Amino acid sequence: ATTVERLNLSTSIFWSGEDRALSVLLAAKLKTDDKVSTPEQIVDGMADILDVPLTEASRKTLVELCTKHGGLKALDEKNQSANLFSRLGRAMFAIPEFQLC
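Quick look at the structure, then. (Residues numbered from 1 in each chain as written. Predicted model: local features only at pLDDT ≥ 70, side-chain atom pairs only at ≥ 80, totals over all residues. Heavy atoms only, no water.)

### Considerations on the pattern of salt bridges
So, point 1. Counted according to the given criterion, the structure contains four salt bridges.
So, point 2. Two residues, lysine 29 and aspartate 34, come together in a salt bridge whose shortest N-O distance is 2.7 Å.
So, point 3. The exposure class assigned to lysine 29 is partly exposed, which follows from its relative accessible area of 29%.
So, point 4. The salt bridge partner of lysine 31 is aspartate 76, with a shortest N-O separation of 3.0 Å. Taken as a pair, lysine 31 in helix α2 (residues 21-33) and aspartate 76 in the loop between α5 (71-74) and α6 (78-94) lie far apart in primary sequence, 45 residues in all. (Salt bridge = Lys/Arg side-chain N within 4 Å of Asp/Glu carboxyl O. Buried < 20%, exposed > 50% of the residue type's maximum accessible area, 1.4 Å probe, protein only. Helix = DSSP H or I, 4+ residues; strand = E, 2+ residues; numbered from the N terminus.)

Written as structure tokens, this is what we have:
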């Protein structure tokens, strides 16, 4: 896939369907199974699920992005979680480490 396709994929995945099923499922997994309590844990959990290798620099940037777009509170509402995961996914899919996967 091209870089542009990878960037657009995140929106397609997390905003799909009126019920935002994948965003709701991911939020539930992070809250229930992983028991996340910080933006760092959200980023680490999502990166683990999507198998995205993170450097400290990219992780720091993603944590800032996570915090900016609602962090833990975003996990409680489907549209907020879709927005958060879409933005994090877009950023993750753009990092050089992901391009080499």
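### Concerning the packing of aromatic side chains
So, point 1. Scanning the model with the defined rule gives one aromatic pair in all.
So, point 2. Taking 5.7 Å as the distance between ring centres and 50° as the angle between the ring planes, the aromatic pair formed by phenylalanine 14 and phenylalanine 85 counts as tilted. With phenylalanine 14 in helix α1 (residues 3-14) and phenylalanine 85 in helix α6, the pair connects residues that are 71 residues apart, well separated along the chain. Residues phenylalanine 14 and phenylalanine 85 agree in their burial class; the two are buried. (Phe/Tyr/Trp six-rings, centres within 6.5 Å; stacked < 30°, edge-to-face > 60°.)

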